[in-house]
Amino acid sequence: MNLIKPRTLIVITIFLLFSFLSYSQQWQHKFGGNGFEQGNCIIQTNDGGYLSVGQTNSYGDQNMNMYVVKTDIYGKLDWQQVISTNENEIAYAAVQNTAGDYYVGGYTDGQGAGGKDIFISKLNSSGGIIWSKTFGGPLDDICYAMTLTNSNDLIVTGSTRLSGSGNDDIIMIKISP
């Protein structure tokens, strides 16, 4: 039976201690109102700032709404946007194109073919909504991640019950904006 030698244990402990001490919090900010807010995805933007997407019931209608928060490099608010169809919308994914526009994805249960439908909104660099679209079938379809192709097409992935099997399957959709 090999035991760790005391000297080795001391070296490992010192290494771990200094590893944890080398990280320090740079800044912290909170965003939201008097209700419930949650961030589900964050990306670094082309200008070095950050875009967080998730949900809120503090703003918009009384339901959950997509909540988009854009900050500068120091985490200070540049703008915020609420996306609502007067039902529940939750954002789980975001990506920015080279032109500076943002795509925000998640689901809505207020529009579309039925159940939860993939809900994608395109926002300009100032947070203005350019368009919003739904994708999916009569059962639940949810976007959890997205990316842009080299030709700026949007690829969305998530879960679907489109096949009617009763279980979720992976869905991938290519969108040419």
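Below: a short report on this structure. (Residues numbered from 1 in each chain as written. Predicted model: local features only at pLDDT ≥ 70, side-chain atom pairs only at ≥ 80, totals over all residues. Heavy atoms only, no water.)

1. Some remarks on the side chain of Glu 89
Thinking step 1. Mapped onto the elements of the fold, Glu 89 is located in strand 5 (residues 89-96).
Thinking step 2. Of the buried charged residues, Glu 89 lacks a salt bridge, with Lys 116 as the closest side chain of opposite charge at 12 Å.
Thinking step 3. A distance of 2.2 Å separates a polar atom in the side chain of Glu 89 from a polar atom in the side chain of Thr 85.
Thinking step 4. Here Thr 108 takes part through its side chain, which lies 3.0 Å from a polar atom of the side chain of Glu 89.
Thinking step 5. For Glu 89, the contacting residues outside a window of four places in its chain are Met 64, Asn 65, Met 66, Ile 83, Ser 84, Tyr 107, Thr 108 and Phe 119. (Helix = DSSP H or I, 4+ residues; strand = E, 2+ residues; numbered from the N terminus. Buried < 20%, exposed > 50% of the residue type's maximum accessible area, 1.4 Å probe, protein only. Lys, Arg positive; Asp, Glu negative; His and termini not counted. Salt bridge = Lys/Arg side-chain N within 4 Å of Asp/Glu carboxyl O. Polar contact = N/O pair within 3.5 Å; in protein donor to acceptor, adjacent residues only side chain to side chain. Contact = heavy atoms within 4.5 Å.)

2. Concerning the environment of Ile 42
Thinking step 1. With respect to the helices and strands, Ile 42 occurs in strand 1 (residues 37-44).
Thinking step 2. Judged by its relative accessible area of 57%, Ile 42 is exposed.
Thinking step 3. C-alpha of Ile 42 to C-alpha of Val 95: the two residues are 53 residues apart in sequence and 9.2 Å apart in space.

3. A word on unusual backbone geometry
Thinking step 1. A positive phi angle is found at Asn 86, which is not glycine, with a value near 75 degrees.
Thinking step 2. You will see that Asn 152, though not glycine, has its phi angle at about 70 degrees, which is positive.
Thinking step 3. Secondary-structure assignment places Asn 152 in the loop between strand 9 (141-148) and strand 10 (154-160).
Thinking step 4. A relative accessible area of 32% places Asn 152 in the partly exposed class.

4. Focus: the packing of aromatic side chains
Thinking step 1. For the structure shown, the criterion picks out six aromatic pairs.
Thinking step 2. Relative to Tyr 50, the ring of Trp 27 has its centre 5.9 Å away and its plane inclined at 55 degrees; by these criteria the two rings are tilted. Here Tyr 50 lies in strand 2 (residues 50-56) and Trp 27 lies in the loop between helix 1 (6-21) and strand 1, a separation of 23 residues in the sequence.
Thinking step 3. Residue classification places Tyr 50 among the partly exposed positions, given a relative accessible area of 24%.
Thinking step 4. Taken together, a centroid distance of 5.7 Å and an interplanar angle of 40 degrees make the contact between Tyr 59 and Tyr 67 tilted.
Thinking step 5. Chaining the aromatic ring pairs together yields one cluster made of Tyr 92, Tyr 107 and Tyr 144.
Thinking step 6. The lysine or arginine in question, Lys 116, covers the ring of Tyr 107, its NZ or CZ lying 4.9 Å from the ring centre.
Thinking step 7. The ring of Trp 131 has Lys 133 lying over it, and the distance from NZ or CZ to the ring centre is 4.7 Å. (Phe/Tyr/Trp six-rings, centres within 6.5 Å; stacked < 30°, edge-to-face > 60°. Lys NZ or Arg CZ within 6 Å of the ring centre and 35° of its normal.)

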